[in-house]
Amino acid sequence: MIATASRTENALIQHESDTASPRHLLDIDSLSSADILSLIGRAEEMRRVITQRSLKLNNLQGRSIFLLFFENSTRTCVSFERAGKTLGADIINVSIARSSVEKGESLLNTVRTLNAMAPDGLVVRHPCAGASNFVARHVDAPVINAGDGSHAHPTQALLDVMTLTIKLGSISGAKIAIVGDILHSRVARSDIIAFTRMGAEVVLAGPATLIPSIWRQARTGPATRGRNNVPAPKVHVCETLSEALSGADVIMPLRLQIERQKNGMLPGLTEYSRVWRINADRVAMASPDALVMHPGPMNEGIEISTEVAHGGSSLIEEQVTNGVAMRMAVLERYCRNG
Ligand code: NCD
């Protein structure tokens, strides 16, 4: 079932990605390192606004931004809403469960209907890879991808680079270990591109069944070229967790996407957490001041221990705060002149 789904998703990505335009934020590929730094600079200013609780801006006053979440979300959805409202925009949260999608309306007819209401921006999350690219072809307003299948999650990658840049000054030369369910993770895919574009060294570790073969090929050099003719990022797939953690400046365990583990990809959760869980002993195998990140939501006790998730090396709540600030910078950049 998973193999069929990913073939369909890949076809959709290939078909739709040719139409991508910098007017939209569909994947991190469309951003150069200078673009990323400029968004971080603006997001740092926005962070000062959101930490002064009563402050609001009017940069997007009179703009209507539609949030279209076809998948569950807590932090991404709320942070886009908080970001847009703090910029003075009208945020319209399209409740898919109460929409005509539930009556069988297609994605195409749904977006045509919404487009006729003249939004100034659409934020889209969808379980199918390529869905945001598809929406972008059928609306007049800019589209921000808030996560599509296992394809991309560009605003998560931007907030992750921002969080590390604030903490480390620069991520160039840092060793970042991404651990666990890489296969199903759109965060991993976007983070790998963003981190390597900013000069970091990325290593991956996890059960062999949960590491896509594309990253094993990338180890030897650029296997493919992206739409901007940029070489594929170089990452190293480690055979063991200790190899990945040795000398790591940052450790990022990923949520084990339990809902997608039905095809015997793992012997079991107990076995998984015994081998791969990031706990204090494993953090001690990394650099002395190693930082821990997690995009959330967490399966606490499975891929990360409670003491690490809420301990002194954890940047997880910083990621959430920076997520609002970065989404303010993104909405301002893409939707102001929409
Ligand atoms: C992730 C997502 O939905 O892609 N979370 C997020 O947006 N911060 C990761 C996940 O679902 O595990």
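Look above for the structure.
What you are looking at is a predicted structure, and each value in this text was computed from that prediction instead of being measured.

Asks: Lay out the pattern of salt bridges in plain terms, naming residues and giving numbers.
Replies: Within this structure, the stated rule accounts for 10 salt bridges. A salt bridge links R189 to D27, with the nearest nitrogen and oxygen atoms 3.2 Å apart. Residue R189 is found in helix α7 (residues 186-197), and its partner D27 is found in the loop between α1 (2-17) and α2 (33-51); the two are separated by 162 residues along the sequence. Judged by its relative accessible area of 26%, R189 is partly exposed. One salt bridge in this structure joins K85 and E81, with 2.8 Å as the shortest N-O distance. On the criterion of helical spacing, the pair formed by K85 and E81 is a turn pair, its members being 4 residues apart in helix α3 (residues 75-86). Taking the relative accessible area as the measure of exposure, K85 reaches 36% and is therefore partly exposed. Looking at E81, the relative accessible area reads 23%, which means it is partly exposed.

Asks: Give me the sheet that holds strand β5 (residues 175-179): which residues, what numbers.
Replies: Hydrogen bonding along the main chain pairs the strands of a sheet, whether they run parallel or antiparallel. Reading across from one edge, β7-β6-β5-β8-β9 is the order of the 5 strands in this open sheet, with parallel pairing throughout. In the strand order of this sheet, the two ends are held by β7 (235-237) and β9 (291-292), each with one partner. Bridge analysis of strand β6 (residues 201-205) against β7 gives 3 bridges, and the strand direction is parallel. Within β7, the residue paired with V203 across the bridge is H236.

Asks: So what about the site of the ligand? Which residues, and what values?
Replies: In the vicinity of the ligand, the residues found are R75, T76, R125, H153, Q156, R186, V187, R255, Q257, P295, G296 and P297. At 2.7 Å from an oxygen atom of the ligand is found a side-chain nitrogen or oxygen belonging to H153. With respect to the ligand, the side chain of R186 contributes an N or O atom lying 2.7 Å from an oxygen atom. Secondary-structure elements contributing two or more residues to the shell around the ligand are α3 and α7. Looking at the shell around the ligand residue by residue, the class counts come to 3 nonpolar, 5 polar and 4 charged.

Asks: Account for the packing of helix α6 (residues 154-168) against α7, with residues named and values stated.
Replies: Where α6 contacts α7, the two axes come as close as 8 Å, and the packing angle between them is 50 degrees. Between α6 and α7, the crossing angle belongs to the class labelled oblique. Of the two possible hands of crossing, α6 and α7 adopt the one that is right-handed. Contacts between α6 and α7 involve P154, Q156, A157, D160, V161 and L164 from the first element and V187, S190, D191, A194 and F195 from the second. The class makeup of the residues in the contact of α6 with α7 is 7 nonpolar, 2 polar and 2 charged.

Asks: Account for the nonpolar core, naming residues and giving values.
Replies: Nonpolar side chains tend toward joint burial in soluble globular proteins. Among the nonpolar cores identified, the biggest contains 61 residues, and I178, F195, L204, M326 and L331 are the most heavily contacted of them. Considering each element in turn, this core owes the most residues, 9 residues, to helix α13 (residues 316-335). Those residues in contact with I178, other than ones at most four positions away along the chain, are A188, D191, I192, F195, V202, V203, L204, A205, M252 and L254. V179, V203, I302 and I304 belong to the second-largest nonpolar core, a separate cluster that totals 26 residues.

Asks: Which residues make up the environment of V237, and what values do they have?
Replies: The residue V237 is located in strand β7 in this model. In this structure, the C-alpha to C-alpha distance between V237 and Q217, residues 20 residues apart in sequence, is 9.3 Å.

Asks: So, the pairing of strand β8 (residues 250-253): which residues are in play, and what are the values?
Replies: For a regular strand, side-chain orientation follows a simple rule: the groups alternate between the two sheet faces. Burial along β8 is two-sided: the residues V250 and M252 and I251 and P253 are all buried. Direction of pairing for β8 relative to β9: parallel, over a ladder of 2 bridges. In the sheet register, I251 faces β9, and the bridge partner there is V292.

Asks: Any details on the side chain of S287? Residues and values, ideally.
Replies: With respect to the helices, strands and loops of the structure, S287 is situated in the loop between α11 (280-283) and β9. Using a relative accessible area of 16% as the deciding quantity, one classes S287 as buried. Residues contacting S287, with those up to four places away along its chain left out, are G247, A248 and D249.

Asks: Now, about the packing of helix α4 (residues 107-115) against helix α5 (residues 131-138): what can you tell me, with residues and values included?
Replies: Following both chains from N to C, one finds α4 and α5 inclined at 45 degrees, their axes separated by 10 Å at the closest point. Considering their axes alone, α4 and α5 lie oblique with respect to each other. Crossing handedness for the pair α4 and α5: right-handed. Across the interface between the two elements, L107, L108, V111 and N115 from α4 touch A131, F134, V135 and H138 from α5. When grouped by side-chain class, the residues that make up the contact of α4 with α5 number 6 nonpolar, 2 polar and no charged.

Definitions and cut-offs
- Residues numbered from 1 in each chain as written.
- Predicted model: local features only at pLDDT ≥ 70, side-chain atom pairs only at ≥ 80, totals over all residues.
- Heavy atoms only, no water.
- Salt bridge = Lys/Arg side-chain N within 4 Å of Asp/Glu carboxyl O.
- Helix = DSSP H or I, 4+ residues; strand = E, 2+ residues; numbered from the N terminus.
- Buried < 20%, exposed > 50% of the residue type's maximum accessible area, 1.4 Å probe, protein only.
- Pairing = 2+ DSSP bridges.
- Near = heavy atom within 4 Å.
- Polar contact = N/O pair within 3.5 Å; in protein donor to acceptor, adjacent residues only side chain to side chain.
- Nonpolar A, V, L, I, M, F, W, Y, C, P; charged D, E, K, R; others polar.
- Axes fitted to C-alpha atoms, helices over the stretch in contact; angles between N-to-C directions.
- Parallel < 35°, antiparallel > 145°, perpendicular 65-115°, else oblique.
- Left-handed = near helix turned anticlockwise from the far one by under 90°.
- Contact = heavy atoms within 4.5 Å.
- Core = buried A, V, L, I, M, F, W, Y, C linked by side-chain atoms within 4.5 Å.

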